[in-house]
Amino acid sequence: MAQDLTGPLRARPWGLTLGAAVLYMFVVGAARFVPPRPSLFGVLLQTATRATLGRALLRAHLTLARHGRHRWYNLYDVNGALKHARKLAVSYTSGGRFVKAVYTFPSFVSTRHFSEVLKMVTAKYGPPTHMSGQASIGRARAHWNLPYGFEIIVKRRWPNPTTYLVIENRLTLTRMKAEQRHVMAHSGAF
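All chains use their own residue numbering, which begins from 1 and follows the written sequence. Totals for whole chains, interfaces and linings use every residue, but because this is a predicted model, local features are given only for residues with pLDDT of at least 70 and side-chain atom pairs only at 80 or more, for both listing and counting. Excluded from the side-chain calculations are hydrogens and water; all other atoms, namely the structure's heavy atoms, are used.

**Side note on the side chain of T172**
- The helix and strand labels rest on DSSP assignments: H or I over at least four residues marks a helix, E over at least two residues marks a strand, and numbering proceeds from the N terminus. In this structure, T172 sits in helix α4 (residues 170-185).
- Residues contacting T172, with those up to four places away along its chain left out, are T93, R97, F98 and V99. We call two residues contacting when some pair of their heavy atoms lies within 4.5 Å.

Right, here's the structure in full:
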């Protein structure tokens, strides 16, 4: 008896469609959310220097706080550039490479700043890698491990409910700490 060759040929377009659908699901399923590279006021922090970041902060109307320029960091008044934030401390290596930025959201009674900052960071970088504590009361901490050696931390201590947003480059942070140890060891202060 002769075999009907039209059956398998007719099934082939359906098979290709199924194969394409499976491949699509595999590719979409394998694709992960890649957070954007951390930046401040349009300056990529991975390549930021004290000079480039300082110019961007001044263009954004942040002002250098009185006595705000120090060897390892600059302290700025935020002047409304980020809702509820009062201060921004930006740390650098001795060569002027970006190390860390810390926004301070002062609070005396309310704990709402933690939730607001948590939502803001989650909207940009996705859910935190790790979270501890409760947003509504007590100590709380959310942590994001990002590519390129960066991490972001939103934290609140207790009983002071002030919230901090920390963006740091772990690689240059290690370098800055080594530089600081070297300076202390050779300061002659003791």
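**Observations regarding the packing of aromatic side chains**
- Here a pair means two rings of Phe, Tyr or Trp (six-membered ring of Trp) with centres within 6.5 Å. Their orientation is stacked below 30 degrees between planes, edge-to-face above 60, and tilted elsewhere. By the definition in use, this model includes 2 aromatic pairs.
- With a centroid separation of 6.4 Å and 20° between ring planes, the pair formed by F98 and F150 is classed as stacked. Separated by 52 residues along the polypeptide, F98 in strand β6 (residues 98-105) and F150 in strand β9 (residues 150-156) bring together distant segments of the chain.
- Only protein chains enter the area calculation, which uses a 1.4 Å probe; residues under 20% of their type maximum are buried, those over 50% are exposed, and those in between are partly exposed. Using a relative accessible area of 1% as the deciding quantity, one classes F98 as buried.
- Pairing Y103 with F105 gives two aromatic rings, centres 6.4 Å apart and planes at 40°, and the pair type is tilted. You'll find Y103 and F105 in the same group, each marked buried.
- One residue, R37, lies across the ring of Y148, its end atom 4.3 Å from the ring centre. Counted as over-ring charges are cases with an Arg CZ or a Lys NZ within 6 Å of the ring centre that also lie within 35 degrees of the ring normal.

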